[in-house]
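One letter stands for each residue in the lines below.
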Amino acid sequence: MIKRILTVLLLFPTLVCAQINTDRVMTIARNALYFEDYVLSIQYFNQVINAKPYLYEPYFFRALAKLNLEDFQGAEIDCDAAIQRNPFVVGAYQIRGLARIRQSKFDGAIEDYQKALHYDPENITLWHNLTLSHIQKKDYNSAKEDLESLLKVAPRYTRAYLMRGEVSLQQKDTLAALNDFNKALELDKYDPDAWAARAIVKLQQSKYAEAESDFDRAIHLSAKNAGNYINRALARFHQNNLRGAMSDYDLALDIDSNNFIGHYNRGLLRARVGDDNRAIEDFDFVIQMEPDNMMAVFNRGLLRAQTGDYRGAIKDYTTVIDQYPNFLAGYYQRSEARRKIGDKKGAEQDEFKVMKAQIDKQNGVTNKDVAQNQNKEKEGEGEEGEKTRKKSDKNMNNYRKIVIADDSEAEQRYTSDYRGRVQDKNVNITLEPMFALTYYEKMSDVKRSVNFHKYIEDLNRSGVLSKRLRITNMEAPLTEEQVKFHFALIDTHTSAIVADEKSAPKRFARAIDFYLVQDFSSAVSDLTQTILLDGDFFPAYFMRALIRCKQLEYQKAEQAAETEIPGEKRKEITAVDYEVVRKDLDKVINLAPDFVYAYYNRANVSAMLKDYRAAVADYDKAIELNPDFADAYFNRGLTHIFLGNNKLGISDLSKAGELGIVSAYNVIKRFTDQTE
């Protein structure tokens, strides 16, 4: 590995002057981190650590990469090293806190967030995570104190009201919880979690129609949350809308096929409406997930008997009786099934057991097991009365009851919402990304059309490139093996360029490899040389525009992080900086007017600069050239919405959804007028 790193470094004259230029390598590493190429970024951070082990930055950023790769122990160790070298970096405590949370080290996480807040007392994310850590420890009083402080810093932070409402629910203060959920909705009526939270309170208050209405709003805003369908099904069940409840379980299981409650409850409802065979399928699934779930086994036994599979039913009843030898319903049902197959002796034995228990009960003789079972039955009824049971309830007499989540599961509603990773997803609605020429593409859940252009296809057939070039805006990060492969390819391309300095395609091939290992400066240098050698080679202009745009995006992100991570003040990025990007895309369009992706990328640049009318004009042209261009419809739809033309925007988003961009439907719901 060391030999490979040295080989790579020889290709960068600017990096080698007795030792590596750590600033340059750090920039490349942080590029890779920002663009979610975590494995590659770690390799670059390793180089900096080997060269200058006394710096805190490479340890800190390597911890971020490890956190995103779910190496929580490694992330914690790297944060230890960063803090040892510089104890005043707030981000290091924040990331170590997250790493500790993922290892259930909540006391350590709380210490980290309190230390970080000492340096940055108005940091919303730190207060947020500190609160959730206290909730995990069930220290609700401390959590409420944290939330009071958080709301002083950010009085319009809706998530704080939702968390405080959740704490109030744990403290059995339903009215206080409802007040907080109402306040959250007052601040943001487009927050699906707020609607869902209030709906759960309405369920607890037995206001089932109101609960269903709130779940309708939550689902309208977030159509892919299985839990909301599960809970709406419960509200519908309590209103005797069995078909509606079953439809919700179907939808929930389409989203989360392994949902235990969904399968169990749907099995019960299918049995109620006589759909016995499909009910058996649901209980088969539950039993496969939880082989010791005796209620599911007993329900399956009843259904098997109903469908004439008496031997299968007897097997299920026997399994239950072995676990619960005083469960009288089991003996009664087994006696019935034994009679059906002619086992008169076995049936009589089961009937005698039932009769003896009934006589004992009349005489006031109750064995210990039955008494415990009766106590459990009383505990299992809870607030939901006779119709439901908690998932953890093991009282066999409740086998016909609809299952609801345990309190411990309900507590997790917000405790998974920890914040502070470097790659936090943007909660705002964003444009589909720009297109690139690359070798690797992410797999999509929904098959979209293959992106094609004859010139790129001819370039692939020329044999100059090491792999097949793809036109995509779903770039995949490199694996460790791919990183090694492309470092080696850079060496190979360098030898080829030395042998033939006038070959534009060979320069372009090396530029692609530099781009893939996130060395944007070297990639731009090679692309510029490609253009000097062949001014009509439009893929070089296209890729140079993309890379320069990414460099500007990264610089803007660095500027935004300056208050959190100490560093030099950087020049503010303005529209003027994007002119070089536009000029390159203008050149592509001039050289290849049918290359639809150049119009699309130029439109994205215009949209980023809030020049929406120019963006719409380019999206129009892209769609004119390719009427099935899903990404262009999606982005044009958003651009129309930014201009206030919701009707046009929703029309485009509908087309984008039809062509495979599923997220378009959620955006449509967000911007469709709702009846208050």
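Just so it is clear, the model here is predicted, and its values are computed rather than measured.

Criteria and cut-off values
Residues numbered from 1 in each chain as written. Predicted model: local features only at pLDDT ≥ 70, side-chain atom pairs only at ≥ 80, totals over all residues. Heavy atoms only, no water. Helix = DSSP H or I, 4+ residues; strand = E, 2+ residues; numbered from the N terminus. Buried < 20%, exposed > 50% of the residue type's maximum accessible area, 1.4 Å probe, protein only. Contact = heavy atoms within 4.5 Å. Expected span 1.5 Å × (residues − 1).

**A look at the overall build of the protein chain**
Now for step 1: Secondary structure assignment for the protein chain yields 35 helices and six strands.
Now for step 2: The buried share of the protein chain, taken over its 676 residues, is 51%.
Now for step 3: In the protein chain, once contacts between residues fewer than 6 apart in sequence are set aside, the share between residues at least 24 apart is 58%.

**Points about the side chain of Gln518**
Now for step 1: Following the sequence through the fold, Gln518 ends up in the loop between helix H27 (504–516) and helix H28 (520–533).
Now for step 2: Residue Gln518 is classed as buried on the basis of its relative accessible area of 7%.
Now for step 3: Dropping the residues within four chain positions of it, Gln518 is found in contact with Ile28, Asn31, Ala32, Phe35, Asp37 and Leu40.

**Some points on helix H6 (residues 90–102)**
Residues separated by three or four positions in an α-helix point in the same direction, a consequence of the helix having 3.6 residues per turn.
Now for step 1: Taking 1.5 Å per residue as the helical rise, H6 with its 13 residues ought to reach 18 Å, and the 19 Å between its terminal C-alpha atoms agrees with that figure.
Now for step 2: Burial within H6 is extensive, with twelve of its 13 residues counted as buried.
Now for step 3: Of all the positions in H6, only Val90, Gly91, Ala92, Tyr93, Gln94, Ile95, Arg96, Gly97, Leu98, Ala99, Arg100 and Ile101 are classed as buried.
Now for step 4: On its buried face, H6 is in contact with helix H4 (57–68), helix H5 (72–85), helix H7 (106–119) and helix H8 (124–136).
Now for step 5: Positive backbone phi, approximately 60°, marks Ser104, located one or two places after H6.

**Side note on unusual backbone geometry**
Now for step 1: Although it is not a glycine, Lys138 adopts a positive phi angle of roughly 60°.
Now for step 2: The exposure class assigned to Lys138 is partly exposed, which follows from its relative accessible area of 48%.
Now for step 3: The phi dihedral of Lys610 is positive, around 65°, even though this residue is not glycine.
Now for step 4: Counting through the fold element by element, Lys610 comes out in the loop between helix H31 (596–608) and helix H32 (612–625).

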